[in-house]
Structures are given as structure tokens and as C-alpha cells.
Amino acid sequence: MNILAIETSCDETAIAILSCEGDAESATYTILGNALISQIDVHQEFGGVFPAVAKREHAKNLVPILLGTLSEADMLKESEQRVSQTVHEEVTRILSREFELSKELFSKISVLAIPNIDVIAVTAGPGLAPALWVGVSFAKALSILWNKPIVGVNHMEGHLLTALAKKGGRSIKTYTVSNVSMPVLALLISGGHTELQLMSTWLSYNLEGQTRDDAVGEAYDKVARMLGLPYPGGPEISRLAERARDRGGNSPYTFPRPMISDAHSDFSFSGLKTSVLYSIRGKVLSDTDKENISLAFEDAVAEVLYVKTKRALLKTGAKTIAIGGGVSANKNIRDYFGNRLSREHPEVSLTTPTPELSGDNAIMIGIAGYYRARNAEFADTETLQANGNLAL
Ligand code: KG4
Ligand code: ZN
């Protein structure tokens, strides 16, 4: 089954085409085409993502990215046929709020032959509603234009299932999901989410814990801002903390581990963020100070994440721990979990996404879309909605 996947939930516009085979127990994904435009440069001047700006950028980028993906997949061919009047009207109606995008679609996409895809997968949520809507409307328009079914994908399910995927196999463009020991306890950490989900059987979830205030990625981004570092702050803090670690890792700063001893697996990061703020207020910080603060912040984050995950592990008896979402790229979190888990629970396997799939991308939406498409969970083009708060 060939899937065309679209992701526009936040600040990356991404489209991929995946050739998918196998069943839930053993699935193989070969990437036929993959293109992504990051809006980081655009958002950097605001110090964060503005939904209206993100939406505008997605609308501008979707057609060029689709052309790039189709071309890489060798599916870019001119059509002999013209679009029927009915299809033209329907697509125009679906994109009535996206005038420029509609114009681009008619001038550059509707002149192409229908590509060799079976399903269109699109992120339906969670994320920034205006950003999600552009992707969903675009997917609906393509679904009408090409007469292909559509599946709505939960972005967090994309992160979760992608954390189970291993690179390699038939080619370097292949990922496989196989030999997964259930239950899987997934720690999903991103800019908008921090949650522990138990997947006991494929695609069934139970929420074991979540943040009561800030998401961990949000805490990274806010602390980075306090230290005068650019957006997104996660990789910046990580870079600075590594420098302090290379010096021996002794930071004069220590920050609290909120709710670490409480008998539940919920998280809280706003107190940690405030404690960083108090420790730097009124001070002129040297580069070394910033590195030491980053290190102490990262240590607090990793320990809290681990202890809470371990609590859920003991409660649920999970056999696999999967860490997914943008923050899963963090080296310290990966190392910390790797070290403690192999010491304290050698029977449990730890899995994280390959680096190129840890941040937002369309491959993860294709991977999750395949599970949904195999179950024939197709959406109705009329009623499919983007939902900024979509839960798993
Ligand atoms: O999943 P993601 O790409 O987008 C959302 O769905 O939110 O996650 C983005 C978050 C941002 O907060 C970013 O600062 C954080 O992931 N992040 C990191 C690292 N790379 C990205 N945080 C810590 N360390 C990293 N290396
Ligand atoms: Zn994400």
C-alpha cells in the first residue's frame, strides 16, 4: 500500500510517500519521497510559533513540497486528462478559505497524472488548529482530485509508533516495526505534550500520567529564552549542557524535581522553570553560568521523567519503554534512561526514534496512517475535522 502523508500541526510543513507492507506485528516502510520545510527561521524572530504565521507558511509551502515529494518518488507526470467540472467545483469549495493554495493546486497539481498512491494520511490533531486545518483541507482537496481515501492521524500516535521503528532492512530508506514486546509504555515528550501512554494491544491506549502544567519541550523553550538562547530552545540547552558535562559535570546549581515522590505518574514543570528564573534574576550570566544552569536543568528533567516512567512501569508491568516526540532527541534523556533502565530493569527494552524521525515529519504520519488504513478506518471527506486538542 502506498501512502501519501501530510503533516502541518506546528512549524514544519512535511509530505512523504511511503510504500507500506506487512501487518501490525511486522510492518515495513520504504520511503519513496520525503520533503520538509521548517519554519524555524520565520518563527525565530518572534521567539515562538504564532498560529496565524504558521498557517500562512504551510499554505505557501504545501504545493512546492508536494511537487518535490512526487518528483523524488518518480510520480511527477503530466496528465492527458482535464479535471471534470464537478471535481473542480468540489475542490474549490473545500479550499474556499485558502484562495492562494487553491490557485496553486489548480495550476500545478491538477495538471498532473494521478500518482500511484492508495491512501492519503493527514495529521488531524493535536496541534495548532489553524495550522492543522490547512493540512486537512489540502488533504481533502487531493482526496477529491485523485479519488483516493483519506485517514486522519493523531500526531502523538505518529510519534509513538515511530519510536518503535528501526532503520534499515531492504534499503537505507526502509524502516521496520517488528518484534515489539507488549505492553508498550510510551513517554511522549514534545513542545505541547508530556504524557505516559500504555499501549497493551496495537492502537489501544491508556493514559498513565501527564503534565499538570507545562510540557517538557515548552519548559526547555522557556528556560532557553530566559538564558537569551534562540527558539527552539531544546537543542540549544542540550548543546550548552554538553559543554558543562565535558568539563566534568559539576554544576553549582541544583533545581527541584517537582512531584518526584508523589504516588502518581503525573508531571509538573512550571515550578522547575520558575526556580530557574529565580536563580538567574538580577544576575549577569557568563557563558559558563548558562552552561551550568542548562546542565542542572537537564539533570532535573531527566530524573523526573525517569522516576515517573518507572512508577508507571512498576504499576503496568510494561515490557517495552518507547520515548517519542521532539524532546526524545535529547541526548541526556536517552543516556539517563539507557543507563538506569539497564541497571534497574534489564528485562525491559528501551526504544527511541532514529534521530531524523524524532522531530515532526510526515514519515511518522505515514507510519501511523498505515495502521489506520489497514483497519479501513477511512474518514468522510465531508466531516473530517482538524482538532487542536485531539487525544489518543
Ligand atoms: O514533537 P516536536 O518536534 O513538535 C511538537 O509536536 O511539539 O517537539 C518540539 C519540541 C520543542 O520544544 C523543542 O525545543 C524540543 O522538542 N526539542 C528538544 C530537542 N530537540 C527538540 N528538547 C530537548 N533536547 C533536544 N535535543
Ligand atoms: Zn510533534
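Residues numbered from 1 in each chain as written. Chains lettered and ligands numbered in written order. Predicted model: local features only at pLDDT ≥ 70, side-chain atom pairs only at ≥ 80, totals over all residues. Heavy atoms only, no water.

Here's the deal with the site of ligand 1
Every one of the 19 residues lining ligand 1 counts as a neighbour, but G191, D221, G234, G326 and N330 are closest to it. Between ligand 1 and D221 there is a distance of 2.7 Å, counted from an oxygen atom to a side-chain nitrogen or oxygen. A distance of 3.0 Å separates a nitrogen atom of ligand 1 from a polar atom in the side chain of N330. In isolation ligand 1 offers 550 Å² of accessible surface; the protein chains occlude 86% of this area. (Near = heavy atom within 4 Å. Polar contact = N/O pair within 3.5 Å; in protein donor to acceptor, adjacent residues only side chain to side chain. Areas by Shrake-Rupley, 256 points an atom, 1.4 Å probe, with all protein chains shown as cover.)

Considering the coordination of the zinc ion (ligand 2)
At the metal site, the zinc ion (ligand 2) is ligated by H155 (NE2), H159 (NE2) and D360 (OD), and these contacts range over 2.1 Å. Counting along the primary sequence, the residues that act as donors to the zinc ion (ligand 2) give the motif H-x3-H-x200-D. Taken together, the positions of H155 and H159, both in helix α6 (residues 155-163) and 4 residues apart, correspond to about one turn of that helix. The exposure class assigned to H155 is buried, which follows from its relative accessible area of 5%. (Donors = N, O, S within 2.8 Å, 3.2 Å for Na, K, Ca; no water. Helix = DSSP H or I, 4+ residues; strand = E, 2+ residues; numbered from the N terminus. Buried < 20%, exposed > 50% of the residue type's maximum accessible area, 1.4 Å probe, protein only.)

Considerations on the packing of helix α8 (residues 233-246) against helix α10 (residues 287-316)
Here α8 crosses α10 at 100°, and the two axes come no closer than 7 Å. Relative to α10, the element α8 lies roughly perpendicular. Within the contact between the two elements, α8 uses I237, S238, L240, A241, R243, A244 and R245 and α10 uses K290, E291, N292, S294, L295, F297, E298 and D299. Taken together, the residues that form the contact of α8 with α10 break down as 6 nonpolar, 3 polar and 6 charged. (Axes fitted to C-alpha atoms, helices over the stretch in contact; angles between N-to-C directions. Parallel < 35°, antiparallel > 145°, perpendicular 65-115°, else oblique. Contact = heavy atoms within 4.5 Å. Nonpolar A, V, L, I, M, F, W, Y, C, P; charged D, E, K, R; others polar.)

Looking at the packing of aromatic side chains
Per the counting criterion, the structure on display carries 8 aromatic pairs. Consider the rings of W202 and Y371, whose centres lie 5.3 Å apart with planes at 20°: the pair is stacked. Note that W202 is positioned in the loop between β9 (194-199) and β10 (205-210) and Y371 in helix α12 (residues 363-374), a separation of 169 residues in sequence. In this structure, W202 and Y371 share a single accessibility class: buried. A connected cluster of aromatic rings, assembled from ring pairs, spans Y306, Y336 and F337. (Phe/Tyr/Trp six-rings, centres within 6.5 Å; stacked < 30°, edge-to-face > 60°.)

Purely geometric numbers; function is a separate question.
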